[in-house]
Amino acid sequence: MKVTVIGYWGAYPAAGSATSGYLFEKDGFTMLVDCGSGVLSRLQQYKNIESIDAVVLSHYHHDHVADIGPLQYACLVKHTLAGTKGNLPIYGHDEVPRKLETLTHQHTKGVAYDPEKTLEVGPFTIQFQKTQHPVPCYGMRIEEGDNTVVYTADTGYFPEWASFARHADLLITDTNFYKGMDGKGPGHMTSTEAASIAAEAQVQELWLSHLPHFGKLTSLLQEAEDVFSGTIRLAEEGLSWSK
Ligand SMILES: [Zn+2]
Ligand SMILES: [Zn+2]
């Protein structure tokens, strides 16, 4: 499978870029995980909107769902122009009143996932981990064949992440804060917390993402490297991994 970063900022997009959005591809099937602000614009640098086969959402904060509305309009315009039918499935949890129904539009269909169960989306198998965040949010363990990618979505640190991410080929973490800061309140992790999960879970590669709009981002990398000796990358648009 191939994973590509489309958006990687926390809260709001810096000029010309996007908040959370990641493309997962395998054998012509394309799944978008989270659809934050700027994602619809930036992803067209890599894929046609029509080629998106499914969307899976971690939670309903704006920096993860802001472009769902524009995506729905895009589906409407493209199907109308082409004279085609079809419903893009958008998977989300149903733990916040009136959110899941907003995922359904003329050519999109909101589908509730049960986080207690495994979800099959095309070639991908997804397990969920409830995160520590001010609203219900789910991290994902996405498997295809022998390959595993774990995405923490938005979360404060807690030790169970190490078992959820065990031996992943790639771990993508919420890294919204620098070493020594306290992310527990807003429900985000620091560089060293993210790296400690990577080390304990013995993952192959770590991507620091959901990045802050303050400080020197390369410091996040240095702080993480003191804790985890594997490959570490700072998320940026177009960063990709495949196996
Ligand atoms: Zn977020
Ligand atoms: Zn959030």
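Computed from a predicted model, the values in this text were never measured in an experiment.

Thresholds applied
- Residues numbered from 1 in each chain as written.
- Chains lettered and ligands numbered in written order.
- Predicted model: local features only at pLDDT ≥ 70, side-chain atom pairs only at ≥ 80, totals over all residues.
- Heavy atoms only, no water.
- Helix = DSSP H or I, 4+ residues; strand = E, 2+ residues; numbered from the N terminus.
- Contact = heavy atoms within 4.5 Å.
- Areas by Shrake-Rupley, 256 points an atom, 1.4 Å probe, with all protein chains shown as cover.
- Lys, Arg positive; Asp, Glu negative; His and termini not counted.
- Charge placed at Lys NZ, Arg CZ, Asp CG, Glu CD.
- Donors = N, O, S within 2.8 Å, 3.2 Å for Na, K, Ca; no water.
- Tetrahedral: all angles 85-135°; square planar, octahedral: opposite > 155°, others 65-115°.
- Buried < 20%, exposed > 50% of the residue type's maximum accessible area, 1.4 Å probe, protein only.
- Pairing = 2+ DSSP bridges.
- Axes fitted to C-alpha atoms, helices over the stretch in contact; angles between N-to-C directions.
- Core = buried A, V, L, I, M, F, W, Y, C linked by side-chain atoms within 4.5 Å.
- Salt bridge = Lys/Arg side-chain N within 4 Å of Asp/Glu carboxyl O.

In terms of helices and strands, the chain carries six helices and 14 strands. Overall, the chain is about 55 × 35 × 35 Å in size when its C-alpha atoms are taken along their principal axes. Nonlocal contacts in the chain, meaning residues at least 24 apart in sequence, comprise 56% of its contacts between residues at least 6 apart. With an accessible surface of roughly 10200 Å², the chain has 48% of that area assigned to carbon and sulfur atoms. Charged side chains of the chain number 18 positive and 29 negative; the gap between the two group centres comes to 4 Å.

Moving on to the coordination of the zinc ion (ligand 1). With distances of 2.1 to 2.2 Å, the protein atoms coordinating the zinc ion (ligand 1) are D63 (OD), H64 (NE2), D154 (OD) and H210 (NE2). Coordination geometry of the zinc ion (ligand 1): the four donor atoms subtend angles of 88 to 157° at the metal centre, consistent with an arrangement described as irregular. Every donor residue of the zinc ion (ligand 1) comes from the same chain, spaced as D-H-x89-D-x55-H. A separation of 3.5 Å is found between the zinc ion (ligand 1) and the zinc ion (ligand 2), which are bridged by D154. On the criterion of sequence distance, the pair formed by H64 in helix 2 (residues 62-65) and H210 in the loop between strand 12 (205-209) and helix 6 (217-225) is long-range, its members being 146 residues apart. We classify H210 as buried; its relative accessible area is 4%.

Right, let's get into the sheet that holds strand 10 (residues 147-151). The mixed open sheet is built from seven strands, whose spatial order is 7-8-9-10-11-12-13. Unpaired on one side and paired on the other, strand 7 (119-121) and strand 13 (231-234) mark the two borders of the sheet. Across the sheet, the axes of successive neighbouring strands diverge by a mean angle of 20°, strand direction being ignored. Taken together, the five bridges between strand 11 (residues 170-174) and strand 12 define a ladder with parallel strand orientation. Bridging across to strand 12, D174 finds its partner in S209. With respect to the sheet, helix 6 is in contact with strand 12 and strand 13, its orientation differing from that of strand 13 by roughly 165°.

With that out of the way, let us pick up the coordination of the zinc ion (ligand 2). Around the zinc ion (ligand 2), the protein contributes the donor atoms H59 (NE2), H61 (ND1), H133 (NE2) and D154 (OD), at 2.1 to 2.4 Å from the metal centre. Angles of 91 to 165° at the metal separate the four donor atoms of the zinc ion (ligand 2), which places the site in the irregular class. Between consecutive donor residues of the zinc ion (ligand 2), the sequence gaps follow H-x1-H-x71-H-x20-D.

With that settled, consider the nonpolar core. Membership of the largest hydrophobic core comes to 56 residues, with the highest contact counts inside it found for F24, M31, V121, I126 and L208. It is helix 5 (residues 191-201) that contributes the most residues to this core, five residues altogether. Those residues within four positions of L208 in sequence are excluded, and the remaining contacts are T173, T175, A194, L220, L221, A224, I232, R233, L234 and A235. Core analysis: the next-biggest nonpolar cluster, separate from the first, contains 22 residues, V65, L88, I90 and L103 among them.

Here the focus is the pattern of salt bridges. Overall, the coordinates contain eight salt bridges when judged by the stated rule. For the salt bridge of E237 with R42, the shortest nitrogen-to-oxygen distance reads 2.8 Å. Here E237, found in the loop between strand 13 and strand 14 (240-242), pairs with R42, found in helix 1 (residues 39-43); they are 195 residues apart in sequence, far enough to count as distant.

Reading across the sheet, the seven strands line up as 6-5-4-3-2-1-14 and stay open at both edges, with mixed pairing between neighbours. Where the open sheet ends on each side, the last strands, each with one partner, are strand 6 (108-112) and strand 14. Averaged over all neighbouring strand pairs, the angle between strand axes comes to 20°, with direction disregarded. Strands strand 4 (54-56), strand 5 (88-92) and strand 6 of the sheet are contacted by helix 3 (residues 68-82), whose axis makes an angle of about 165° with strand 5.

These figures capture arrangement, not role.
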